[in-house]
Amino acid sequence: MSDTEELRKLLDERGVRWWDASPGKTKWHSTVLNGTVAMSEWNGRAILDTGYEYVTPAQAVEATLGRGECEIEYVKDWMGWHCKSCDTLWQGLQDQPPKYCKECGRLVVS
Ligand SMILES: [Zn+2]
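Please read all numbers here as calculations on a predicted model, not as lab measurements. (Residues numbered from 1 in each chain as written. Predicted model: local features only at pLDDT ≥ 70, side-chain atom pairs only at ≥ 80, totals over all residues.)

What follows deals with the overall build of the protein chain. Regarding its fold elements, the protein chain presents two helices and 10 strands. Its helices and strands taken in sequence order, the protein chain reads α-β-β-β-β-β-α-β-β-β-β-β from the N to the C terminus. Taking the principal axes of the C-alpha coordinates as reference, the protein chain spans close to 50 × 20 × 20 Å. Buried residues in the protein chain amount to 24% of all 110 residues. For the protein chain, restricting intrachain contacts to residue pairs at least 6 apart in sequence, the fraction spanning at least 24 positions comes to 37%. (Helix = DSSP H or I, 4+ residues; strand = E, 2+ residues; numbered from the N terminus. Buried ≥ 20, exposed ≤ 12 C-beta atoms within 10 Å, placed from the backbone. Contact = placed C-beta atoms within 7 Å.)

Here it is in structure tokens:
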């Protein structure tokens, strides 16, 4: 799997919308930097366009979508989930807890 394919898989897992900017270039919205970022492949390795040097797709996701883990709780009145790390509510089914926070991208641990 290429770095671009791996990155897109990680973004898909987090429910982050991405798009093709040019061949081998992936763009998405960074909640950390509050703007659009892009990752390109150069000689088979990934470069973020924010000034980072070579990074792995996992590092690119951490740098742009936040790192670490978060706890979420189901909010009945809202019929959705509350992330305790970024204090965001989003709607979703109680019996299908998300793997990642839809807003900050952290891994859900509860
Ligand atoms: Zn969150």
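The next subject is the pairing of strand E8 (residues 80-83). With four bridges joining them, strand E7 (residues 72-75) and E8 adopt antiparallel strand pairing. Note on E8: the bridge partner recorded for Val75 is Gly80. Count of turn residues in the E7/E8 antiparallel hairpin: four residues, of which Met79 carries a positive phi of about 55 degrees. The pairing of E8 with strand E9 (residues 88-91) spans four bridges and is classified as antiparallel. From the neighbouring strand, Gly80 faces E9, where its bridge partner is Gln91. (Pairing = 2+ DSSP bridges.)

Before going further, it helps to spend a moment on the sheet that holds strand E5 (residues 54-55). Spatial strand order, E1-E2-E3-E4-E5: five strands in an open sheet with antiparallel pairing. Whereas interior strands pair on both sides, the edge strands pair on one side only; in this sheet they are strand E1 (18-22) and E5. As judged from the four bridges shared by E1 and strand E2 (residues 25-30), these two strands associate in the antiparallel manner. Its bridge partner being in E2, Trp19 is matched across the sheet by Lys27.

Looking only at helix H2 (residues 57-65), the buried set comprises Pro57, Ala60, Val61, Thr64 and Leu65. The arc that holds every buried residue of H2, seen down its axis, measures 100 degrees, which confines them to one face. Of the surrounding secondary structure, the elements contacted by the buried residues of H2 are helix H1 (3-13), E2, strand E3 (35-42), strand E4 (45-48) and E5. Taken from the residues just after H2, Gly66 is the one with a positive phi, measuring 95 degrees. (Arc of directions from axis to C-beta.)

Another aspect to go through is the domain arrangement of the protein chain. Often the size quoted for an interface is simply the accessible area lost on bringing the parts together. When cut into domains, the protein chain gives domain 1 (3-65) and domain 2 (69-108). Contacts between domain 1 and domain 2 engage seven residues on the former and six residues on the latter. Of the residues belonging to the side of domain 1 that touches domain 2, the class tally is three nonpolar, two polar and two charged. (Domains from an automatic or database assignment. Nonpolar A, V, L, I, M, F, W, Y, C, P; charged D, E, K, R; others polar.)

The next point concerns the nonpolar core. In this structure, Leu7, Leu10, Leu11, Trp28, Met39, Ala46, Leu48, Ala60, Val61 and Leu65 together form the largest nonpolar core, which totals 10 residues. Only H1, E4 and H2 provide two or more residues apiece to this core. In this structure, Ala60 is in contact with Leu7, Met39, Ala46, Leu48 and Val55, ignoring residues within four places of it in sequence. With six residues, the next largest nonpolar core counts Trp81, Cys83, Tyr100 and Cys101 among its residues. (Core = buried A, V, L, I, M, F, W, Y, C linked by C-beta atoms within 7 Å.)

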